[in-house]
Amino acid sequence: MNQGHIDAGEVVSLETLKEDMSPDASYALIKTPDMEVIRMVVPKGREIDEHSVKGEMSIQCLEGRVQVNLEDGSKELTKGAWLYLNRKQPHSISAETDAVLLVTILFTSDS
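Every value quoted in this text rests on a predicted model; they were computed, and no experiment measured them.

Draft legend 1. Fine view of the overall build of the chain. For the chain, the count of helices and strands is zero helices and nine strands. When the helices and strands of the chain are listed from N to C terminus, the series reads β-β-β-β-β-β-β-β-β. For the chain, the spread of C-alpha atoms along the principal axes amounts to about 40 × 35 × 20 Å. Restricting to contacts in the chain with at least 6 residues of sequence separation, those with at least 24 account for 64%. Total accessible area on the chain stands at roughly 6600 Å², and carbon and sulfur atoms take up 49% of it. Taking the average place of the 11 positive charges on the side chains of the chain and the average place of its 19 negative ones, the gap between the two points comes to 2 Å.

Draft legend 2. Here's a closer look at the nonpolar core. Among the nonpolar cores identified, the biggest contains 20 residues, and Ile-59, Val-66, Val-68, Leu-101 and Val-103 are the most heavily contacted of them. If one sorts the elements of this core by residue count, strand E9 (residues 99-106) sits on top with four residues. Residues in contact with Ile-59, not counting those within four places in the same chain, are Val-68, Leu-77, Ala-81, Trp-82, Leu-83, Leu-85, Ile-93, Leu-101, Leu-102 and Val-103. By size, the runner-up hydrophobic cluster in this structure holds 10 residues, among which are Leu-17, Tyr-27, Val-37 and Val-41.

Draft legend 3. Geometry of the pairing of strand E1 (residues 27-31). Two elements, E1 and strand E2 (residues 35-42), share four bridges in a ladder whose sense is antiparallel. Residue Ala-28 lies in a different strand from E2, and its bridge partner there is Ile-38.

Draft legend 4. Here's a closer look at the sheet that holds strand E7 (residues 82-85). Read from one edge of the open sheet, five strands run E1-E2-E9-E4-E7, paired in antiparallel fashion. Because the sheet does not close on itself, it has two edges, and the strands there are E1 and E7. On average, each strand axis in the sheet is inclined to that of its neighbour by 15 degrees, with strand direction left out of account. Note that E2 and E9 share eight bridges and pair antiparallel. Bridge assignment links Val-37 to a residue of E9, and that residue is Thr-104.

Draft legend 5. Up close: the sheet that holds strand E8 (residues 91-95). Strand order across the open sheet formed by four strands is E3-E8-E5-E6, with antiparallel pairing between neighbours. Across the chains shown, the open sheet's two edge strands, defined by having one partner strand only, are strand E3 (47-51) and strand E6 (73-78). Within the sheet, the average angular offset between the axes of one strand and its neighbour, ignoring direction, is 20 degrees. Pairing of strand E5 (residues 65-70) with E8, which is carried by four bridges, proceeds in the antiparallel orientation. Within E8, the position partnered with Asn-69 by the bridge is Ser-92.

What counts as what
Residues numbered from 1 in each chain as written. Predicted model: local features only at pLDDT ≥ 70, side-chain atom pairs only at ≥ 80, totals over all residues. Heavy atoms only, no water. Helix = DSSP H or I, 4+ residues; strand = E, 2+ residues; numbered from the N terminus. Contact = heavy atoms within 4.5 Å. Areas by Shrake-Rupley, 256 points an atom, 1.4 Å probe, with all protein chains shown as cover. Lys, Arg positive; Asp, Glu negative; His and termini not counted. Charge placed at Lys NZ, Arg CZ, Asp CG, Glu CD. Core = buried A, V, L, I, M, F, W, Y, C linked by side-chain atoms within 4.5 Å. Buried < 20%, exposed > 50% of the residue type's maximum accessible area, 1.4 Å probe, protein only. Pairing = 2+ DSSP bridges. Axes fitted to C-alpha atoms, helices over the stretch in contact; angles between N-to-C directions.

Here is the structure:
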């Protein structure tokens, strides 16, 4: 059951996406009861307030540079960098340049 923009088995470029999808917009690529994958566009200067998610998650920087602020300090993500967060781990994000992130959230029955 996919409620996102990409079908199971479909190959897409994370840079250009599909014809009907603007590479300058954020999209939930897939969303199922078990996981959600978001291609998130974060413009320079944008700050995403501190929050947490119920599932374990990873953030991969596809383009640009962001700071992910955690309880124990700030982590810089640049192109190719990847960060894992525990479920319910508080974090905020600040974009130092225009950035594109691939956010993957895994849910479990006790999430």
